[in-house]
Amino acid sequence: MSVSARRRFRMLVAVAIAMAALSSAVTSRYVLSTLIFIALNAMAALGLSLVMGFAGQVSLGQAAFYAVGAYVSGVLTASFGWNGWAALVLAVGAGALLALAIGLPIFRLSGLLLAMATLGFGIIVYYVLVNWSGITGGPSGLTGIPPLALGRFRFDTDQRMLWLAWSLLLLLLGLAGNLVDSRVGRALRAVHGSEVAAEAAGIDTLRLKLGVFTAAGATTALAGSLYAHYLTFINPSPFGFAYSVELVVMVVLGGVASIWGTVLGAAAVVLFVEALRTGLPLLTASHGAPEYEIVAFGLILMGFVVFLPGGLASLRKTP
Amino acid sequence: MTLLEQLAQYLASGLVVGGIYALIGLGFVIVFSVTRIINFAQGEFVMPGALLMVTLGDRRLATPIAFLLAVGVVAGVGALLERAIHPVRGAPPLAILILTIGASIAIRGGALILWGTDPFALAPFSPGPPVWLGGAMIVRQGLWLLGIAALAFALLWVFFTRTYAGTAVRACAINPRGARLMGIRVDRASLLAWTLSGALGATAGAVIAPITYATYDMGLMLGLKGFVAAVLGGLVSPLGAIAGGFLLGVLESLAAGLVSSAYKDAVAFVVLIVLCLVQVAGWIPWRVAEEA
Amino acid sequence: MRLITALVLSLSTLVWAIPSATAQEPYRIGAIFSITGPGSSLGIPERDTALMLEAELNARGGIKGPDGKLHPLKMVIYDDASDETKAVLAAKRLIDEDRVTAIVGTTLSGTSLAILDTVQKAEVPLVSVAAAIKIVEPAAERKWVFKTPQSDYLIVGVLVDSLKARGYLKVGWLNVDYAFGQLGWIEFEKAAHKAGLTIVANEKFGQKDVDMTPQLTRVKAANPQAVVVWSIPPSASIATKNYGDLGIKAPLFQSHGVGNKRYIELAGPAANGVIFPVGKLLVAEQLPDNDVQRPVLLAYARDFEARYGPRNTFGGHAWDAVRLVVKAMEKAGPDRAKVRGAIESTRNFVGITGVFDFSPTDHNGLDRRAVTLVQIVDGQWKLAK
């Protein structure tokens with residue numbers, strides 16, 4: 001194994017051990033739940049990070065894939081009694097297929113237009129979720145989604161979900177890391193460096209970028225599927241444009257194209273929101289923490305683009 | 001109601017809403033054509049225009065004074081934003097897009113703190129029942145909107161074609177390097193473009209507040225639809241954006257009236273995607289601009 | 001390693017001080033309201049009411065538990081920002097960190113449904129202030145969950161009866177495409193069909209829409225005898241203005257979502273004549289003297305208006321929820337399971353929303369008497385027939 005691959009493997013193992021320890025030592029469902037949401041968000045943002053870092057594109061509609069994953073899993077298991085894992089596989093496939101279907105026509109566009117097209121796509125998916133109420137349950141959503149299970153072992157407690165979510169996340173991080181180190185990864189980095197030069201070297205940049213986008217659709221859909229099984233209830237409202245922006249914030253915070261940076265970014269966003277909410281006292285006027293949170297988000301986003309474009313990950317000393 | 005009367009009503013309603021989109025779309029075009037930046041915060045220029053109009057107008061100051069103040073303040077915000085982006089204007093366009101997304105969030109949050117979540121009503125500029133034309137009704141404020149929009153377009157046309165400053169801005173839009181060679185200060189043009197776009201957004205907000213109420217989060221949807229209007233005009237043509245705005249408003253109205261009200265809001269985004277696909281297939285010869 | 005250290009350090013900020021044991025252990029009740037986000041116009045009066053009740057009770061020394069001692073009341077209130085994820089985290093925090101006995105909330109149906117699993121698994125009683133009937137049904141699967149707002153089928157039932165009594169058999173309908181509107185439509189379609197009404201038009205609009213004239217034009221063209229709009233302000237107000245502007249002659253009915261002064265302020269004179277079904281709070285002064293709810297309603301309205309502003313039925317739902325938990329704790333102390341049992345066996349509780357009779361099969365406890373018909377006359381609420 002190369003040096004960076006060995007380091008990465010050690011990191012993965014270390015985090016896995018930490019999470020296993022936490023899941024048995026910590027009894028507070030609140031802390032466990034926070035960690036679960038960090039993992040889900042990191043999974044959703046991971047694909048976006050690759051798209052932004054390597055394909056050099058911004059997807060402003062990534063929440064749509066999260067929704068697709070959640071709804072395919074939710075509907076198949078709650079309304080049609082499918083096995084949870086089969087539905088999950090189908091959900092991931094649906095995410096990938098949808099990304100491919102959207103990507104094929106729009107990836108030839110220039111960056112800004114592509115971003116706006118993904119925005120339009122994301123919002124349309126949201127409206128379909130709201131209006132196709134026969135299948136999706138409409139705005140009032142879908143209850144009674146069963147938890148995932150292995151035989152009689154059900155993933156229905158925070159401890160077990162923590163285990164599942166982080167195992168899958170670490171697996172994905174490992175895969176992503178290997179990808180970055182492989183031939184494909186080198187080609188991706190070439191594209192990131194200079195698309196023209198990469199084309200000149202014989203790399204099919206369009207196919208590569210499309211591949212990254214498809215993989216991103218799949219990983220975000222996986223996160224969505226887990227979300228559905230964790231909450232056992234889904235409705236359209238978490239899957240709107242605001243969540244797409246939140247994912248972009250996570251990626252920018254963590255650093256585009258940095259695998260671990262995405263986890264940092266997701267953790268930072270989730271913890272920041274929680275810390276604000278519980279740290280600032282609730283005032284009796286209609287001002288509360290979430291309003292300051294919104295301004296802070298915006299300023300952070302602006303600040304990072306201007307002052308720290310590499311995100312938090314760039315603070316680490318380069319290997 | 002006969003079908004003709006219905007159609008007339010859809011048209012009338014669509015034109016009023018379209019006027020809003022046209023004003024916002026124009027703001028996008030002015031900034032993009034000079035700086036090649038998509039200003040995601042354009043919608044968030046509309047919102048403070050409306051809220052300031054409510055705070056300043058409505059029995060506190062006379063309507064025209066409140067209007068000019070509101071527009072002036074937001075024009076200043078636009079200029080401030082330009083200065084904030086100035087140090088990183090060489091960054092990749094996507095990074096700047098994210099920057100403007102951050103700005104839009106910050107502005108919305110600021111409005112939330114200042115005005116809270118409540119919607120605010122505003123009296124129309126002139127009282128009176130709606131006007132009836134051929135079976136269709138238009139509220140008086142709608143006429144104000146169309147009138148002020150027309151005035152704004154006329155003023156801008158005069159500015160861009162008859163004044164030195166305006167022609168200089170146009171030169172930058174057509175060819176920044178050439179303009180610089182001719183001695184035109186490109187960053188002055190950029191500042192002017194952003195200021196104008198702030199003023200346009202605020203104008204839209206101030207005039208529609210009596211129709212739509214002023215809320216801290218009204219800017220997002222309006223901004224997105226105004227963007228679609230701008231894209232309909234190729235992102236670089238002011239006339240195209242204006243036409244695009246009215247076209248979008250009428251399309252939405254017809255879709256809701258003739259097809260189904262459920263997907264009315266989705267119309268704009270379907271149009272957006274169709275336009276992007278058309279650009280890919282190269283069917284329509286007008287240029288949807290690339291970055292410089 | 002730095003990553004893990006960073007994560008662990010930042011996570012430690014989550015673990016706040018464990019509540020200290022005092023001489024008289026405070027009784028802790030948790031609350032989750034939507035203070036920001038689309039639900040804020042409902043959540044803010046709910047929060048204000050909860051704070052008001054906390055202050056009132058503590059001014060008398062607190063809650064008198066089954067041990068005969070007075071326990072100060074500590075309400076721990078969180079904002080879920082109308083967001084499902086935040087609601088889940090808030091619920092878990094209340095259960096495991098703040099160690100509350102019971103939770104009041106959430107404001108919106110979506111967020112309530114999102115935390116059902118959490119409270120049921122943790123076996124913590126929840127008294128929701130959201131409307132969807134799915135929150136408490138099927139009763140067999142909602143052992144720990146109660147709610148105080150009237151269910152939609154009760155409200156719609158009163159509306160349909162009044163439409164029929166007035167002879168309006170051809171009705172047009174519009175709803176907002178939010179959960180509130182959708183649920184109203186589902187009930188209305190059923191009830192109208194049973195009562196023999198014909199729905200001649202059925203349109204939708206978005207919560208953030210700025211103009212509903214296309215949809216209303218379609219409704220106008222269908223020539224209804226009456227029109228029902230199911231939404232909350234501001235979209236309900238814009239629709240009302242458009243309605244007047246279009247000169248539609250048929251009388252306009254609205255939902256209980258417009259039971260606040262805001263609706264009238266925003267819609268202006270177009271709101272006059274509008275009839276809507278709602279709880280009795282808005283017309284408390286006009287109720288007959290022998291109405292059992294009258295004194296309770298008048299007291300709450302007076303207290304709330306002195307402190308916070310115009311009265312609001314949503315604040316009333318929160319009042320009922322908090323008082324239910326308080327009463328249960330007076331009987332059962334801070335034990336979660338015992339409080340659940342006490343709430344479930346509450347009978348004849350005279351609240352703001354109505355008179356509650358809970359049972360193992362009915363965790364909402366209300367009937368038609370909790371709904372009355374109100375008409376807006378000259379910008380004021382008047383009891384209608």
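Residues numbered from 1 in each chain as written. Chains lettered and ligands numbered in written order. Predicted model: local features only at pLDDT ≥ 70, side-chain atom pairs only at ≥ 80, totals over all residues.

A. Representation of the interface of chain B and chain C. Facing 23 residues of chain B, the contacting portion of chain C comprises 25 residues. Of all the secondary-structure elements, those providing two or more residues to the side of chain B that touches chain C are helix H1 (3-35), helix H8 (186-212) and helix H10 (238-259) of chain B. For the side of chain B that touches chain C, the element with the most residues is H1(B), which contributes 5 residues. The residue inventory of the side of chain B that touches chain C, partitioned by class, reads 13 nonpolar, 9 polar and 1 charged. (Contact = placed C-beta atoms within 7 Å. Helix = DSSP H or I, 4+ residues; strand = E, 2+ residues; numbered from the N terminus. Nonpolar A, V, L, I, M, F, W, Y, C, P; charged D, E, K, R; others polar.)

B. Here's a closer look at the domain arrangement of chain C. Residue and element names in this part refer to chain C. Domain boundaries assigned for chain C yield domain 1 (21-150 + 298-368) and domain 2 (152-278). Relative placement of domain 1 and domain 2: their C-alpha centres are 30 Å apart. Residue-level contacts link 14 residues of domain 1 with 17 residues of domain 2. Of the residues belonging to the side of domain 1 that touches domain 2, the class tally is 6 nonpolar, 6 polar and 2 charged. (Domains from an automatic or database assignment.)

C. Focus on the nonpolar core. A:Leu301, B:Ala50, B:Leu272, C:Ile103, C:Val104 and C:Val325 are the most contacted members of the largest nonpolar core, which totals 357 residues. With 20 residues, helix H2 (residues 29-55) of chain A is the single largest residue contributor to this core. Setting aside chain neighbours within four positions, we find C:Val325 in contact with C:Ile29, C:Ala102, C:Val104, C:Val127 and C:Val339. (Core = buried A, V, L, I, M, F, W, Y, C linked by C-beta atoms within 7 Å. Buried ≥ 20, exposed ≤ 12 C-beta atoms within 10 Å, placed from the backbone.)

D. Seen up close, the interface of chain A and chain B. Tallying the contact residues gives 34 residues for chain A and 37 residues for chain B. Here the element with the most residues in the side of chain A that touches chain B is helix H5 (residues 111-131) of chain A; it accounts for 12 residues. Looking at side-chain class alone, the side of chain A that touches chain B contains 25 nonpolar, 7 polar and 2 charged residues.

E. A look at the packing of H10(B) against helix H7 (residues 213-221) of chain C. The N-to-C vectors of H10(B) and H7(C) enclose an angle of 30°; their axes lie 8 Å apart at closest approach. Here H7(C) runs roughly parallel to H10(B), going by the angle between their axes. For the pair H10(B) and H7(C), the sense of crossing is right-handed. Seen from H10(B), the contacting residues are B:Ser253, B:Ala256 and B:Gly257; seen from H7(C), they are C:Pro214, C:Gln215, C:Thr217 and C:Arg218. (Axes fitted to C-alpha atoms, helices over the stretch in contact; angles between N-to-C directions. Parallel < 35°, antiparallel > 145°, perpendicular 65-115°, else oblique. Left-handed = near helix turned anticlockwise from the far one by under 90°.)

F. Local environment of the pairing of strand S4 (residues 73-79) of chain C. All names here are of chain C. The element S4 is largely enclosed, with a buried count of 6 among its 7 residues. In this sheet, S4 lies alongside strand S1 (residues 27-33) in parallel orientation, the contact comprising 7 bridges. Residue pairing in the sheet places arginine 28 in a bridge with lysine 74 of S4. (Pairing = 2+ DSSP bridges.)

G. Representation of H5(A). Between its first and last C-alpha atoms H5(A) spans 30 Å; for 21 residues at 1.5 Å apiece the expected length is 30 Å, and the two agree. Most of H5(A) is tucked away, with 18 of its 21 residues classed as buried. (Expected span 1.5 Å × (residues − 1).)

H. Up close: the packing of H2(A) against helix H10 (residues 205-231) of chain A. Residues and elements named next belong to chain A. Remark: H2 packs on H10, axes separated minimally by 9 Å, with the N-to-C direction vectors making an angle of 170°. Here H10 runs roughly antiparallel to H2, going by the angle between their axes. Residue classes in the contact of H2 with H10 are distributed as 19 nonpolar, 4 polar and 1 charged.

I. Main features of the sheet that holds S4(C). All names here are of chain C. If you walk across this open sheet you meet the 5 strands as S4-S1-S5-S6-S7, and the pairing is parallel. Each edge of the open sheet carries a strand with a single partner, namely S4 and strand S7 (145-147). With strand direction ignored, the average angle separating the axes of adjacent strands in the sheet is 20°. Pairing of S1 with strand S5 (residues 102-105), which is carried by 4 bridges, proceeds in the parallel orientation. When the sheet's bridge partners are listed, glycine 30 is paired in S5 with isoleucine 103.

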